[in-house]
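So the chains spell out like this:
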Amino acid sequence: MKLCVIILLCALFTLTQQATPREHCVCDLTNSETVFPYEKLSAVDDNVSKCNNNIIPQKALEIESLLLGLERRLPQLQEDVSVLEREDDGELYGTLSLQVIENELTAIKQLIDKLNITTRGNQRLTTDTTEQLEDLRAEMQELEKYDTMQVVKKQQANKRLTKDLNQCRTGLHSTSQSTQLQHGICPHGEFLNITGPRVYTAGEYPGSYMYGAWGRDPKPEAGKENWYWLVMMTSGNKYSNYVRLYSSLSSLIVGVSVPGNVLIHTSNPTTNTIQGPNVVLYGEALYYNCYNQDAVCRFNLTTKTVTTVRLPKGTRFNSKGNFCHLDECYPFTDLDLATDESGVWVIYTTTQDFGNLVLSKLEEGAPPTLSQTWHTSVYKQAVTNTFMACGVLYATRYVDKETEEIFYSFDTSTGVEKFNIGIFIKKMSPNIYALNYSPVDQMLHAYCNSKMVSYKMLFG
């Protein structure tokens, strides 16, 4: 019996040793769909980015600005020729008039040459872009074949429905609130909107000076009605010591400065030179924040003399009361000078006003004097810029890199403040460092990241 049990146990042990271990189960998955070409999609995305970088609004605006300059220059040439024909004495006057006409023709030729170069460049860009778009379209149509679940088509349908819904909502609320401004007497009517840009140019020094200002003298000397001025912060984006003059808009666009620079001082910076970009020219005098002072300087371009007027005690200066938005503040914008139909204004802030905007009227003279002052309830560091038009102070704020909003107004004739103006400015560069209103032609001149841009203000 014991022998049998031993034999069975030995047999069981032998069978156990010979048993193979359990194997893993492996399944083969075969995908019947074609593999999606991610590399091709990535290449299309890169080409689209390149195309977007090449096609920008500035390309069209550059031609528009050149044409506008030419449009204004040709009537001036015609007028000069007519004057010569009427008053030529055959002697010195005729010689001088011919010299003037020759200068005009030279400037026009420079403008036409630049227009031709720009046009040819844009034509090449148009041809190349058309070919790129055709290629991209064919590649996208090829990629759509991989959308077997029709996800893209459903997304496109949803976008169309969302757009239709938004248009429907806009239509329902289109008569909700008017943005027309009721204020004092203005020869142009009420400020309704802004269009443009009408002018867009890099001027004489493309990309060289980030901060500056430009515009026209609302009260020019006889013979200088078409002149333009330009002030660039040439030292550390903070200071300057001269104003540059141009005999016409086309000269400014082409970059031909006649008569050139009018120097305040040979040093930069120094006492009574320019601090900050917010300057204006009025009555052949430049108004600006004096270097290292809580004061306004008035530089007479004829006599080359500077007089000053001190602002109220507690005025913030030396970059302690700047214009700002969430991402940055604009250095040395403590004082903002502005012009309108009535003259020169200065916008600033004080410690006793807790950083809110203060507005004072400047009276002409040597030195200039402060007359009436108004106190507002808008915080300056929530504002990116200000300008005056028809005795009304307007303030802007940053919306995004492409948009600035005129959101606030203060009517000096009634004392009424409004925070819901809602007029939008289409920007050509991320930041507007200076705004100047020209009552001569109701243009709003902006200096944006070294570019000069102008907009037409609409009244009615």
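As a reminder, the structure under discussion sits directly above these lines.
To keep things clear, this report deals only with the structure shown in the data block. Residue numbers restart at each chain and count upward from 1, following the sequence in its written direction. In keeping with the model being predicted, local features are shown solely for residues with a pLDDT of at least 70 and side-chain atom pairs are shown and tallied solely at 80 or more, while totals for entire chains, interfaces and linings include all residues. By convention in this description, side-chain values take in all heavy atoms of the structure and omit both hydrogens and water.

## Focus on the overall build of the protein chain
Line of reasoning, step 1. Summing up its helical and strand segments, the protein chain has six helices and 23 strands in all.
Line of reasoning, step 2. Each residue is assigned to one of three classes by its accessible area relative to the maximum for its type, calculated with a 1.4 Å probe on protein chains only: buried under 20%, partly exposed between the two thresholds, exposed over 50%. Expressed as a percentage of its 460 residues, the buried residues of the protein chain come to 43%.
Line of reasoning, step 3. Total accessible area on the protein chain stands at roughly 25000 Å², and carbon and sulfur atoms take up 54% of it. Note on conventions: DSSP H or I runs of at least 4 residues are helices, E runs of at least 2 residues are strands, and numbering of each starts at the N terminus. Computed with the Shrake-Rupley method and a 1.4 Å probe, the accessible areas treat only the protein chains shown as cover for residues.

## Here's the deal with the sheet that holds strand S10 (residues 295-300)
Line of reasoning, step 1. Read from one edge to the other, the open sheet built from four strands follows the order S8-S9-S10-S11, with strand pairing classed as antiparallel. Two strands close off the open sheet at either side, each with one partner strand: strand S8 (280-282) and strand S11 (305-310). Direction aside, neighbouring strands of the sheet carry axes that sit 25° apart on average.
Line of reasoning, step 2. Here three bridges tie S8 to strand S9 (residues 285-289), and the two strands are oriented antiparallel to one another. Counterpart to Leu281 in the pairing with S9 is Leu286. When DSSP locates at least two bridges between a pair of strands, those strands are taken to pair. Lines fitted to C-alpha atoms define the axes here, with helix axes fitted over just the stretch in contact, and angles between the N-to-C directions of these axes take values from 0 to 180 degrees.

## Digging into the nonpolar core
Line of reasoning, step 1. Buried residues of nine kinds, namely Ala, Val, Leu, Ile, Met, Phe, Trp, Tyr and Cys, make up a nonpolar core once their side-chain atoms join them within 4.5 Å. Residues Trp214 and Leu286 are the most contacted members of the largest nonpolar core, which totals 57 residues.
Line of reasoning, step 2. Residue contributions to this core peak at five residues, all from strand S3 (residues 228-232).
Line of reasoning, step 3. Of all hydrophobic cores here, the second largest spans 24 residues; its members include Ile406, Ile425, Leu444 and Ala446.

## Focus: the packing of aromatic side chains
Line of reasoning, step 1. Ring geometry is summarised as follows: Phe, Tyr and Trp rings, the Trp one being its six-membered ring, pair when their centres sit within 6.5 Å, and such pairs are stacked at plane angles under 30 degrees, edge-to-face over 60 and tilted between the two. Scanning the model with the defined rule gives 12 aromatic pairs in all.
Line of reasoning, step 2. Members of the aromatic cluster, each reached through a chain of ring pairs, are Phe191, Phe387, Tyr394 and Phe459.
Line of reasoning, step 3. A ring is considered to have a charge above it if a Lys NZ or an Arg CZ atom is located within 6 Å of its centre and within 35 degrees of its normal. Geometry around Trp345 places Lys361 over its ring, the cationic atom sitting 5.4 Å from the centre.
Line of reasoning, step 4. The ring of Phe323 has Lys380 sitting right over it, with the charged end atom 4.5 Å from the ring centre.

## Here we look at the pattern of salt bridges
Line of reasoning, step 1. Salt bridges are defined by distance alone: a side-chain nitrogen of Lys or Arg within 4 Å of a carboxyl oxygen of Asp or Glu. As enumerated under the stated definition, the model contains nine salt bridges in all.
Line of reasoning, step 2. Across the pair Asp113 and Lys109 runs a salt bridge whose closest N-O atoms are separated by 3.0 Å. Taken together, the residues span about one helical turn, with Asp113 and Lys109 both in helix H4 (residues 92-144) at a distance of four residues.
Line of reasoning, step 3. Residue classification places Asp113 among the partly exposed positions, given a relative accessible area of 32%.
Line of reasoning, step 4. We note a salt bridge from Lys219 to Glu364, for which the minimum N-O separation is 2.9 Å. Of the two residues, Lys219 is situated in the loop between strand S2 (212-215) and S3 and Glu364 in the loop between strand S14 (356-363) and strand S15 (369-379); the sequence distance between them amounts to 145 residues.
Line of reasoning, step 5. Among the residues examined, Lys219 registers a relative accessible area of 42% and is labelled partly exposed.
Line of reasoning, step 6. A network of salt bridges, in which partner residues are shared, links Glu221, Lys224 and Glu284.

## Overview of the pairing of S10
Line of reasoning, step 1. Taken across its six residues, S10 has six buried, putting it largely inside the fold.
Line of reasoning, step 2. Of the two faces of S10, the one carrying Ala295, Cys297 and Phe299 and the one carrying Val296, Arg298 and Asn300 are both buried.
Line of reasoning, step 3. Summarising the sheet, S9 and S10 pair through five bridges and their orientation is antiparallel. Directly across from Asn289, in S10, lies its bridge partner Val296.
Line of reasoning, step 4. The loop that links S9 with its antiparallel partner S10 comprises five residues; one of these, Asn292, has a positive phi angle of about 60°.
Line of reasoning, step 5. Pairing between S10 and S11: six bridges, direction antiparallel.

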